[in-house]
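Observations on the three-dimensional arrangement
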Amino acid sequence: MQSHVLSLVTEGGAAAAHATGFTAYAWLLVALPAMGAAILLLGGRATNGFGPLLATALSWGSFLVGAIVFLTMLGQSAESRASHIELWNFIPAGQFQLSAGLLVDQLSMSFVLLITFVGSLIHVYSLGYMEHDPDKRRFFAYLNLFVASMLLLVLADSYLLLFVGWEGVGLASYLLIGFWNHNPAYATAANKAFFVNRVGDMGLSIAIMAMFATFGRVDFAGVNEGVAGASTGTLTAIGLLLLFGACAKSAQFPLQSWLGDAMAGPTPVSALIHAATMVTAGVYLVVRSHAIFEGAPNAQLAVAIVGAITLLYGAIVGCAKDDIKKALAASTMSQIGYMMLAAGLGPVGYAFAIFHLLTHGFFKAGMFLGAGSVMHGMHDQVDMRRFGGLGKFMKITWITFGMGWLAILGIPPFAGFWSKDKIIETAFAAPGARGWILGLATLIGAGITAFYMSRLFFMTFQGKQRWSDKGKDAQHPHESPLTMTVPMIVLAGGSGLLGLVLAWLGFSTWLHPVFGGEEHAEHTNWPLMGITLLVVAAGVALAWMRYWRDDVPVRAPKGNLLTQAARADLYQDAINEDLFMRPGQRLTQALLFTDNHGVDGTVGAVAGGVGGLSDRLRRIQNGYARSYALTMLAGVVAVLGALWVMN
């Protein structure tokens, strides 16, 4: 095997030169929040007073570094914007040498700006949300740990270093979901998220091993260079393993069951991890691995199919959820399904997948923070059937949440219109029957999304109030403090303008050097756009009739079989239990029986036999001379008898 010391990273044919100028300090992006986590965790109670503010300041510091690096990149030509920062020799193993380095290119910087900006806003929001929590220092330490790990994941220049960040965000997610682990249900939810993600991580780790066995390298440059010489079967296997890992991290079918339970964590966690950042890591992995998927058409098709199934699954589940956070979680699952579907459409869909990822990060984080604001004003109530008419009492929350609602519906000129509608158009443009199947999935998903998100908005903010302001269960809804409302206002601005700004600046052109190949011209399908808006309008109208015009019962009616199934997440937990957990338990019990009665039984029988024989032989050696003489006489008699018989 030849020695491979990574010194140049190639993406889509464009070389990433060694970083110069301020870009060489991009390592501060990861170092600043990592330092914050270390100080707060190791400093203990001594950091209680200033810890949350320090964590917030360091997160904003990371955003400032990212903004300067981004502006530096804008000053360069498109072909020379990517750069590589070599940090240290990560794995020196004989002829195999792998350096730990950062890849700063258009794709990674898109994620960096999203993670640091939205993450920093959520830090500010948490200052108000967690103000009275006695362990808020530890909470902010975990937030910093998550931001550092997520930045390492998207900036890594190799799959192995990416895996380090991948596991880091998994750990931070576990710690944050189970932050209030004195509640057994929250601890159980954290464990569920952790275990499901470990199942997916097995796929990613095996994929990395397969890369090393196939290419002799695990850095992006080496893998991309080796794709041309690898067989389609090998690339398909690696692609499916990568998809398996992405399904767990991004809550995609069939590993999506953990996301709804993860809403047990504090609401800022839901906004940061389960709306804007961690759940998009799977999309990043697929898009970053575009060379592998382009060499494995079946694996690429599997990505699109998984996305189509999940976007419909999440939309159906979202229609039946009365818990405001779980309804938003189902929505997140569905919207990431759109991104995965776009990533599975090949080069024409990569940019739209990331485009929707960015707009979704803003409007969904804003809505999660809005849900937290509603909970703050309603004494932690999450049942939307006990809301109604809150828009009169929480006007800022109502307006900011409403802008996120319009954005996810895809109403022009809000953000979702510029990104989700492009995915719908691209899906219909796919060749053959694939285009019609995937296109119809996206169009139907848009209609269902309009229904369940309008249901959520109307049940919470419009219609008659279904709460009492008298008695022991009295509610007195009120607006949240500025530390919570200001981040919501900023995110609402992104919900309204980000899509338009990115489309005007040519976001697809910005990402093109990462993927290479021919640049695809964007064409607006006006008839399809009109049909999509009509479908969305129908979904809104149906929700208006049922959840604003008509009275909403405080207790959910039994509903039909589909409604009952949707409330139970389409029985995904039961399916997982019957197909995987119970057979696994029976297999474990069978192996345990075999071990106890087979392996251990055989060993025990041999040991018992030897022990019994030894016990009987021991009785012969009793120390009496007459016994030994008798034994010798018996031996002589036996020998003489044998000789007599033989003669």
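Computed from a predicted model, the values in this text were never measured in an experiment.

How each quantity is defined
Residues numbered from 1 in each chain as written. Predicted model: local features only at pLDDT ≥ 70, side-chain atom pairs only at ≥ 80, totals over all residues. Heavy atoms only, no water. Pairing = 2+ DSSP bridges. Helix = DSSP H or I, 4+ residues; strand = E, 2+ residues; numbered from the N terminus. Core = buried A, V, L, I, M, F, W, Y, C linked by side-chain atoms within 4.5 Å. Buried < 20%, exposed > 50% of the residue type's maximum accessible area, 1.4 Å probe, protein only. Contact = heavy atoms within 4.5 Å. pLDDT = per-residue confidence, 0-100. Polar contact = N/O pair within 3.5 Å; in protein donor to acceptor, adjacent residues only side chain to side chain. Salt bridge = Lys/Arg side-chain N within 4 Å of Asp/Glu carboxyl O. Phe/Tyr/Trp six-rings, centres within 6.5 Å; stacked < 30°, edge-to-face > 60°. Lys NZ or Arg CZ within 6 Å of the ring centre and 35° of its normal. Expected span 1.5 Å × (residues − 1). Axes fitted to C-alpha atoms, helices over the stretch in contact; angles between N-to-C directions. Parallel < 35°, antiparallel > 145°, perpendicular 65-115°, else oblique. Left-handed = near helix turned anticlockwise from the far one by under 90°. Nonpolar A, V, L, I, M, F, W, Y, C, P; charged D, E, K, R; others polar.

**Points about the pairing of strand β3 (residues 83-93)**
Of the strand pairs in this sheet, β3 and strand β4 (residues 96-104) are connected by 9 bridges, and their pairing is antiparallel. Looking at the pairing, A93 lines up with F96 of β4. In this antiparallel pair of consecutive strands, β3 and β4, the connection spans 2 residues, and G94 shows a positive phi of 65°.

**Some points on unusual backbone geometry**
The linkage connecting F253 with the following residue, P254, adopts the cis geometry, with an omega of 5°. Note that P254 resides in the loop between α8 (232-249) and α9 (258-261). Geometrically, the link from P412 to P413 is a cis peptide bond, its omega value of 5° lying close to zero. Looking at the element boundaries, P413 is found in the loop between α16 (395-409) and α17 (415-428). One non-glycine residue, L570, lies in positive phi territory at about 55°. Of note, L570 is situated in the loop between α22 (561-567) and α23 (572-620).

**Quick look at the nonpolar core**
With 185 residues, the main nonpolar core has F146, L242 and I354 as its most contacted residues. Among all residues touching F146, those that are not within four sequence positions of it are V169, A172, L176, L272, I273, T277 and M278.

**With respect to the confidence of the model for the chain**
Per-residue pLDDT for the chain averages 88, and the proportion of residues at 70 or more is 95%. Low confidence marks residues 1-14, where pLDDT is under 50. Its contacts with residues over four positions away, or in another chain, come to 51 contacts.

**Some words on the side chain of R385**
Relative to the elements of secondary structure, R385 occurs in the loop between α15 (347-377) and α16. Among the polar contacts made by the side chain of R385, one reaches the side chain of D322 at a distance of 2.9 Å. Beyond its immediate stretch of four places on either side in the chain, R385 contacts D322, R455, M459, R466, V552, P553, V554, R555, A556 and P557.

**Focus on the pattern of salt bridges**
One pass over the structure, following the stated rule, counts 16 salt bridges. Among the ionic pairs, R217 bridges to E225, the shortest N-O distance being 3.5 Å. Residue R217 is classed as buried on the basis of its relative accessible area, which comes to 11%.

**Quick look at the packing of aromatic side chains**
Applying the stated criterion to the full structure yields 28 aromatic pairs. With centroids separated by 4.9 Å and ring planes inclined at 45°, the aromatic side chains of Y350 and F515 adopt a geometry described as tilted. With Y350 in helix α15 and F515 in helix α20 (residues 507-515), the pair connects residues that are 165 residues apart, well separated along the chain. Consider the rings of F417 and W418, whose centres lie 5.1 Å apart with planes at 80°: the pair is edge-to-face. Looking at W418, the relative accessible area reads 25%, which means it is partly exposed. One aromatic cluster is present, formed by F139, F140, Y142, F179, W180 and Y186 through successive ring pairs. Sitting over the ring of F194, R198 keeps its end group 4.3 Å from the ring centre.

**Remarks on the side chain of R288**
Relative to the helices and strands, R288 is located in helix α11 (residues 281-288). With a relative accessible area of 1%, R288 lands in the buried category. Here the side chain of R288 touches D105 through a polar contact of 2.9 Å, side chain to side chain.

**Description of helix α6 (residues 184-215)**
What sets the pattern is the α-helix's 3.6 residues per turn: residues three or four places apart point alike. When the terminal C-alpha atoms of α6 are compared, their 46 Å separation across 32 residues agrees well with the 46 Å that a helix rising 1.5 Å per residue should span. Phi turns positive one or two residues past the end of α6, at G216, with a value near 75°.

**Structural notes on the packing of helix α4 (residues 136-155) against helix α5 (residues 159-177)**
The axes of two packed helices give the description: the angle between them and the distance between them. Contact pair α4 / α5: the axes reach a minimum separation of 8 Å and the direction vectors enclose 155°. Here α4 lies roughly antiparallel to α5, going by the angle between them. The handedness of the crossing between α4 and α5 comes out as left-handed. Note on element contacts: α5 touches α4 through L161, L162, V164, G165, W166, G168, V169, L171, A172, L175 and L176, opposite F139, Y142, L143, L145, F146, S149, M150, L152 and L153. Of the residues assigned to the contact of α4 with α5, the class counts are 17 nonpolar, 3 polar and no charged.

**Regarding the pairing of β4**
For β4, a buried count of 9 out of 9 residues is recorded, marking the element as mostly surrounded by other parts of the structure. By the alternation rule, side chains of β4 split into F96, L98, A100, L102 and V104 and Q97, S99, G101 and L103, which are all buried.

**What about the environment of M632?**
Following the sequence through the fold, M632 ends up in helix α24 (residues 625-646). With relative accessibility at 60%, the residue M632 sits in the exposed group. When the C-alpha atoms of M632 and W436 are compared, they prove to be 98 Å apart, with 196 residues separating the residues in sequence.

**Section: α17**
Spanning 14 residues, α17 covers 21 Å between terminal C-alpha atoms, matching the ideal 20 Å at 1.5 Å per step. Across the 14 residues of α17, 12 count as buried, placing the element largely inside the fold. In this fold, the buried residues of α17 make contact with α14 (324-343), α15, α16, α18 (432-461), α19 (482-505) and α21 (526-549).

**So, the packing of α8 against α11**
One way to put it is that α8 packs onto α11 with a least axis distance of 7 Å and a crossing angle of 160°. As judged from the angle between their axes, α8 and α11 are roughly antiparallel. The segment α8 lies against α11, with L242, A246 and K249 engaging A281, G282, L285 and V286. Residue composition of the contact of α8 with α11, by class: 5 nonpolar, 1 polar and 1 charged.

**Focus on the environment of F515**
When its relative accessible area of 10% is taken as the criterion, F515 is described as buried. Each C-alpha atom of the pair F515 and A291 lies 8.3 Å from the other, and the pair is 224 residues apart in sequence.

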